Every structure is written in structure tokens, then in C-alpha cells.
Amino acid sequence: MKLTIEALQANDGDCLLLHYERSGAAPVRILVDGGSRGVYPNVLRARIDELRGNDALNLRMVMVSHIDADHITGLLDLFRDLERAQENSEEPFCKIRTLWHNSFERIHHGKAATVQSAAVSATLGGVVAAGLEEKAAAVVASVRQGSQLRDLAERLGIPINEAAIDPLVRAPESGVRRITVAPGLQFSILGPREKQLQKLDEEWRTSKASNPSNPAAQAADYLNRTVPNLSSIVVLLEASRGNGAEPVRFLLTGDAGGDHIVQSLEATGLGPDGRIHVDLLKVQHHGSNHSTTQDFFERVTADHYVISGNGKHGNPHRDTLTWLSAARRDQAYDVYLTNRDGEEGLKKMFDRFLEAESATQPMHCYHFRDTGERSISRSFG
């Protein structure tokens, strides 16, 4: 058995390819997120063509962790390309068995947040209501992208959330929902959990009460603080090594908050007291210091960490790297990053941080995608 995670150059977003190989069986490939604008034509499509050769590439699953533009845009481009090929009666270059995607409408079906505000309802059509701030407007755009992706999947005949049991990909109220993706490979769904989804409605009522006469302000407050990150799909991936050995375990987090991940680990029983050790952790929210803490890295530990980001919005943030280092002081680990240079002084930040790390924590190793390469990978067997 070999399990490989490949972090593609996704600019300020995420785009992960998982490759699961077993003797005598065809590779199982899973695509998690598609990065921001430009990632599909410049990186992802070229990687698909490399992998497929002269045949269509089979993807067991495409998963959208949540509806932020830096995760969903590349997938929307991929599905549009597939629809174009279908309309032109061309052979498909890619075949997708299922799309895992919690669209805005599904998350809020019948809930107050989508039926009580004209401003929020307008997001379903991609209308940016007057008064929405820049960040809220960006959420509105990504809500529309999520709706478009769902519609494209339906037109292409790709089942949505196959095997997830519920219409939503979510953790059950109690216990663990484990889904077999392939022989020896399973996902345990950690989030979103029903209590987290219920909290969205509570947040909506708070927003409405604080802006009773301004629907646009209600929407801006609500959208900025809740929808995309709180509803991130979080999964624990386990690949059997056989012969009674412990499985390889990856924790894939989207942009979920560290506190929500810890709560889900504890609630599902997968991480007593919110503590777990995995082979690999995909660090949430591109290493943002708003989504994690040193306590999180003390509770959720790994031998290997993946961080995708190019400096935009300050991610990965030096605070995050410092908290990880402090949490794992004098313990060996490896970090794999998609960019060494980038926006907002990323190179300068890494120069200073890595100089300090090499002097005080030489057991912490940092690996960067080589310039000109489409991705950085790590395999487990």
C-alpha cells in the first residue's frame, strides 16, 4: 500500500490530490479543493493530463471543503471544462464518481438564515446587496459559485454526496460516521457537526438583533463571521497497512477553526480530550493565526504537516509557525509548504523564521515546492 498527498501550487488556496495504491488494483485518486482563479488552467489541468495519459483520469471523489473562492474556483473551472467537452461530443478527459459538496442552500435548507433576509437570500443568485462589505461580498460570490458547481454536477450526471448518508456531508449527532472509499481506505467525518450547523442559526439571530432595521448589515455581519469556515468538511482519512499494523492517518481540515476540530475529535471519540496523533495534518486555513493556537498544536500532533499559501492575507502567518514550533519543542517533524516566496513579504518572514528555527530547533524540517514544479508531495507506505 502507498498513500500519497500532493499539494498543488494553489496560490492563496488549497488544491490537494490524494493517491492510494494497492497491489493489483488501479490507483484511487481523490481531489480535495481546486484553488483560486488561475489554478485550474495553469496547474490542475496540466497535472490531470500528466496522470491520465491517453485515457480519462478516474477520480473516485472530488471534495469541496467549503465555499470559499480560494477552494472552489478551480473546481468550478474543471466542471465547466468537462461540460464543454460533453457539449462538443468529445471524450471526457476526467471521470468523477461523486462530488462531496455542502452547498449554501443545503446547509441552510429551511433555516431562518436563508428565509428571513432579502440580503442573504440574494446571495443564492449571486446578487451583492447594497451595504455589504468587501469580505461579505466575497462570500456572496462564493455562495453563487457553490450553486453553480452543484448545478454543473447535476447536468454532468455526477452524484452529489454519494455514500455520505445524509444530503449533507456531516458528522452524526453521536458516534462516528465512517465511509469506505475503497478497500482499505476510509473517511471518518469530523465536521461539520449538527451542533455547529445549528450554531449558524444562532449566529443569524444575533446578527439580526444587532441590526434590526438593516438587512444588508445583518447579512454582512453573519456572512463574515460564520458560513464558509464553520461549515468546512473535516475528515480523518485512514489507509490500512495490513498485517495488524496501525493505519496511515491524514487529518484534512479545510478552513475549520481549531476549536471546532478539537470539539469534534472529542465528541466523536476519535480524540479523547480533543487529542490525537496523525501521520499528517493539513494545517487549516493556510496557516492563518486566526484559525489555530498553540493549544491546538499541542492537542493535535503529527509527524508531517502540509501548509498551502502564498503570503496573501498574511498566510501562512509567522505566529502559526511559532505556535507549532513551541508545541513540538525538541520533537522531530516535517512541514511541506507550497510557496517559499510570495506576497506580503512571505520570503522575508520565512528567512527570519527559518534562521531562528535552525538555531534552536534543528529537528524541525521545512520543505518547499521547487520553483517550476506544480506540487510538493509526501508518500506513506
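Residues numbered from 1 in each chain as written. Predicted model: local features only at pLDDT ≥ 70, side-chain atom pairs only at ≥ 80, totals over all residues. Heavy atoms only, no water.

## Notes on helix 2 (residues 69-87)
Since the α-helix advances by 3.6 residues per turn, residues separated by three or four positions end up pointing in the same direction. Using the following cut-off: Secondary structure elements are defined from DSSP: runs of H or I of at least 4 residues count as helices, runs of E of at least 2 residues count as strands, and each element is numbered from the N terminus. Between the first and last residue of a helix there are one fewer steps than residues, each counted as 1.5 Å, and that sum is the expected span.
Relative to the 27 Å expected for 19 residues at 1.5 Å per residue, helix 2 spans 26 Å between its end C-alpha atoms, a close match to the ideal helical length. Of the residues trailing helix 2, Ser-89 is marked for its positive phi of about 55°.

## Thoughts on the nonpolar core
This is how it is decided: In these notes, a set of buried Ala, Val, Leu, Ile, Met, Phe, Trp, Tyr and Cys residues joined through side-chain atoms within 4.5 Å is what counts as a nonpolar core. Here the term buried applies to any residue with accessible area under 20% of the maximum for its type, exposed to any over 50%, and partly exposed to those in between, with areas from a 1.4 Å probe on protein chains only. Every residue pair with non-hydrogen atoms within 4.5 Å of one another is taken to be in contact.
Counting 33 residues, the largest nonpolar core has Ile-5, Leu-18, Ile-30, Trp-100, Leu-185, Phe-187 and Phe-250 as its most contacted members. Excluding anything up to four places from it in sequence, Phe-187 contacts Ile-30, Met-61, Trp-100, Arg-177, Arg-178, Ile-179, Val-181, Val-235, Leu-236 and Leu-237. With 32 residues, the next largest nonpolar core counts Leu-190, Ile-261, Val-283 and Ala-327 among its residues.

## Some thoughts on the side chain of Arg-60
Relative to the assigned elements, Arg-60 resides in the loop between strand 4 (57-59) and strand 5 (61-63). For Arg-60, a relative accessible area of 11% translates into the label buried. Contacts of Arg-60, omitting those with residues within four sequence positions, involve Val-28, Arg-29, Ile-30, Arg-97, Thr-98, Glu-162, Thr-180 and Val-181.

## Brief notes about the sheet that holds strand 3 (residues 28-32)
The condition is simple: One bridge is not enough; two strands pair if DSSP finds at least two bridges between them. Note on geometry: axes are C-alpha line fits, over the in-contact stretch for helices, and angles between N-to-C directions span 0 to 180 degrees.
Taken together, six strands build an open sheet; the order of strands is 7-5-3-2-1-16 and the sheet is mixed. In this open sheet, the two strands that pair with only one neighbour each are strand 7 (99-100) and strand 16 (375-380). One ladder, built from six bridges, connects strand 1 (residues 2-8) with strand 2 (residues 16-21); its direction is antiparallel. From the neighbouring strand, Ile-5 faces strand 2, where its bridge partner is Leu-18. Together, strand 3, strand 5 and strand 7 form the strand contacts of helix 2, whose direction differs from that of strand 5 by roughly 140°.

## Quick look at the side chain of Asp-255
Defined as follows: In the analysis that follows, any N or O atom pair within 3.5 Å is treated as a polar contact, provided that within protein one partner can donate a hydrogen and the other can accept it, and provided that, for residues neighboring in sequence, both atoms belong to side chains.
By the element assignment, Asp-255 lies in the loop between strand 11 (248-252) and helix 10 (258-268). Only 3.3 Å separates the side chain of Asp-255 from the backbone nitrogen of His-285, close enough to count as a polar contact.

## Topic: unusual backbone geometry
Residue Pro-192 is reached from Gly-191 by a cis peptide bond, and omega for that bond is 0°. Looking at the element boundaries, Pro-192 is found in the loop between strand 9 (185-191) and helix 7 (194-210). Positive phi, close to 60°, is recorded for Asp-273, a residue that is not glycine. Mapped onto the elements, Asp-273 comes out in the loop between helix 10 and strand 12 (276-282).

## Points about the pairing of strand 11
Summarising burial for strand 11: four of the five residues are buried, a large majority. As defined by bridge partners, strand 10 (residues 234-239) adjoins strand 11 across five bridges and the pair is classed as antiparallel. Bridge pairing links Glu-238 to Arg-249 in strand 11. The sheet contact formed by strand 11 and strand 12 spans three bridges and is parallel.

## Quick word on empty space enclosed by the protein
As a reminder, the rule being used: A cavity here means a set of 1 Å grid points, computed over protein atoms only, where a 1.4 Å probe fits but cannot escape. A pocket is an open set with protein on both sides within 12 Å along at least 5 of 7 lines, and lining residues have an atom within 4 Å of a point. Grid points are joined across faces, edges and corners, and a volume is the space filled by probe spheres set on the points. Under the grouping applied here, Gly and all other residues not named as nonpolar or charged are polar, the nonpolar ones being Ala, Val, Leu, Ile, Met, Phe, Trp, Tyr, Cys and Pro and the charged ones Asp, Glu, Lys and Arg.
This structure, assessed with the given rule, holds two cavities of 30 Å³ or more. Quantified by volume, the second largest cavity comes out at close to 50 Å³. Among the residues forming the lining of the second largest cavity, the class breakdown is five nonpolar, three polar and three charged.

## Details of helix 10
Among all positions in helix 10, only Gly-258, His-260, Ile-261, Val-262, Ser-264, Leu-265 and Thr-268 are buried. Where helix 10 ends, the next residue or the one after it, Gly-269, has phi of about 85°, a positive value.

## Some points on the confidence of the model for the protein chain
Selection rule: pLDDT expresses how confident the predictor is about each individual residue, on a scale running from 0 to 100.
Chain-level statistics for the protein chain give a pLDDT mean of 87 and a share of 83% at 70 or above. Taken as a whole, residues 112-132 scores under 50 in pLDDT and shows 47 contacts with residues more than four places along the chain or in a different chain.

## Here we look at the packing of aromatic side chains
We apply this condition: The aromatic pairing rule takes the rings of Phe, Tyr and Trp, using the six-membered ring of Trp, and pairs them if the centres are within 6.5 Å, calling planes under 30 degrees apart stacked, those over 60 edge-to-face and the rest tilted. Lysine NZ or arginine CZ positioned within 6 Å of the ring centre and within 35 degrees of the ring normal marks a charge as sitting over the ring.
Following the criterion strictly, the structure yields eight aromatic pairs and no others. Where Phe-250 meets Phe-380, the ring centres are 5.2 Å apart and the plane angle is 70°; that geometry is what we call edge-to-face. Taken as a pair, Phe-250 in strand 11 and Phe-380 in strand 16 lie far apart in primary sequence, 130 residues in all. Classification of Phe-250 by relative accessible area gives buried; the value is 0%. Using a relative accessible area of 7% as the deciding quantity, one classes Phe-380 as buried. Look at Tyr-305 and Tyr-333: their rings are 5.3 Å apart centre to centre, the planes differ by 75°, and that puts the pair in the edge-to-face class. Residue Tyr-305 is located in strand 13 (residues 300-307), and its partner Tyr-333 is located in strand 14 (residues 333-337); the two are separated by 28 residues in the primary sequence. Here Tyr-305 falls in the buried class, since its relative accessible area comes to 0%. Of the residues examined, Tyr-333 reaches a relative accessible area of 1% and is grouped as buried. Members of the aromatic cluster, joined through ring pairs, are Phe-296, Phe-297, Tyr-305, Tyr-333, Phe-353 and Tyr-366. It is Arg-340 that lies over the ring of Phe-368; its NZ or CZ is 5.5 Å from the centre.

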